Amino acid sequence: MRNLFKPIGLALVLCACLAFEGCANRKLETGGRYAPGVAIHENGVTNIIATAAPDIGLFTVDSTFEILYSTIQTVFATERRNRDLLWSVSHDIKHTLDKLRPQVNEAILAYDTARRAYLANPTPAGLSKLQTVLGQLQSLASAVQTAIPKQ
Amino acid sequence: MLIVPAITAVLTEAPNYIALAKKVKDFFAEMFKQGMITTAEQDRIDDFVDEVLDARRRGQVPPEFTVEPDPES
């Protein structure tokens, strides 16, 4: 039954990523890592000229990765810092997170592999692969958050 | 007969997904408020991702991500 909720969660988060306000007008300032440019100085004026097309897709997945990673790290670190106390509450908390820790590490490595492949050859298929791995990380992030009992 | 437990189960799971989805949505809404993602923000994200992935490639896993022995009961 639990496996049925993973595509629901994935759809929710990816829809949130794509449906935010200003989606149609989002722009990357030229000169940033995702919108590379070069400074041209002329008549005392400096202009940044784009040297490659901005990659909003990569920026979006990387930004989402940051959120998911930070969320997961916060829960893992909180459990580790308060391990003795949480252990006295329930052994299941650590045991549940211990099952998720290796899966999270694998998903992070999978994101790295997909990202390097995309950077070497940016294609829609490559970006789709990144989004798929991100979906797996999102499922894990949700599972990690569920493991800690809420006050 | 399975519909009610299924709906209950979905509603139980939904808040976690909804909370995370809202967090992502709020993040992007704030970022795109001015219609422009600054070079500073772009570089911050890229540096963060590079730092995490470079460390993992070197086999460096933060202690909170590792499975450690159970506390002594």
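Okay, so let's go over this structure.

What to know about the layout of surface pockets
Residues and elements named next belong to chain A. Empty space within the second largest pocket amounts to approximately 200 Å³. Looking at the second largest pocket, it is lined by 14 residues, and the ones nearest its centre are Arg33, Tyr34, Asp55, Leu58 and Leu119. The biggest single contributor to the lining of the second largest pocket is helix H4 (residues 91-120), with three residues. Split by residue class, the lining of the second largest pocket holds nine nonpolar, no polar and five charged.

Some words on the side chain of Glu41 of chain B
Its location among the elements puts Glu41 of chain B in helix H2 (residues 39-57). Separated by 2.8 Å, the side chains of Glu41 of chain B and Arg44 of chain B make a polar contact.

Notes on the pattern of salt bridges
Counting across every chain of the model gives 18 salt bridges over all chains. In this structure, Arg115 of chain A and Asp50 of chain B form a salt bridge, with 3.3 Å as the shortest nitrogen-oxygen distance. With Arg115 of chain A in helix H4 and Asp50 of chain B in helix H2, the pair connects residues from two separate chains. Relative accessible area serves as the criterion here: at 26%, Asp50 of chain B is assigned to the partly exposed category.

A word on the packing of aromatic side chains
Applying the stated criterion across every chain, the model contains six aromatic pairs over all chains. Summarising the aromatic geometry, the rings of Tyr69 of chain A and Phe48 of chain B are spaced 5.9 Å apart at their centres and angled 75° between planes, so their arrangement reads as edge-to-face. In this pair, Tyr69 of chain A is assigned in helix H2 (residues 56-81) and Phe48 of chain B in helix H2, connecting two distinct chains. Given a relative accessible area of 5%, Tyr69 of chain A falls into the buried group. Their ring planes at 90° and their centres at 5.2 Å tell us that Phe76 of chain A and Phe65 of chain B sit as a pair that is edge-to-face. With Phe76 of chain A in helix H2 and Phe65 of chain B in the segment after H2, this pair bridges two chains. For the pair Phe76 of chain A and Phe65 of chain B, one class covers both residues: buried. Among the aromatic side chains, those forming a connected cluster through ring pairs are Phe65, Tyr69, Phe76 and Tyr111 of chain A together with Phe48 and Phe65 of chain B. In this arrangement the basic side chain of Arg101 of chain A is found over the ring face of Phe76 of chain A, its NZ or CZ atom lying 4.7 Å from the centre. When the ring centre of Phe65 of chain B is taken as reference, the NZ or CZ atom of Arg56 of chain B above it lies at 4.7 Å.

Calculation notes
Residues numbered from 1 in each chain as written. Chains lettered and ligands numbered in written order. Predicted model: local features only at pLDDT ≥ 70, side-chain atom pairs only at ≥ 80, totals over all residues. Heavy atoms only, no water. 1 Å grid on protein atoms, 1.4 Å probe; cavity = no way out; pocket = protein on both sides within 12 Å on 5 of 7 lines; lining within 4 Å. Points joined across faces, edges and corners; volume = space filled by probe spheres on them. Helix = DSSP H or I, 4+ residues; strand = E, 2+ residues; numbered from the N terminus. Nonpolar A, V, L, I, M, F, W, Y, C, P; charged D, E, K, R; others polar. Polar contact = N/O pair within 3.5 Å; in protein donor to acceptor, adjacent residues only side chain to side chain. Salt bridge = Lys/Arg side-chain N within 4 Å of Asp/Glu carboxyl O. Buried < 20%, exposed > 50% of the residue type's maximum accessible area, 1.4 Å probe, protein only. Phe/Tyr/Trp six-rings, centres within 6.5 Å; stacked < 30°, edge-to-face > 60°. Lys NZ or Arg CZ within 6 Å of the ring centre and 35° of its normal.

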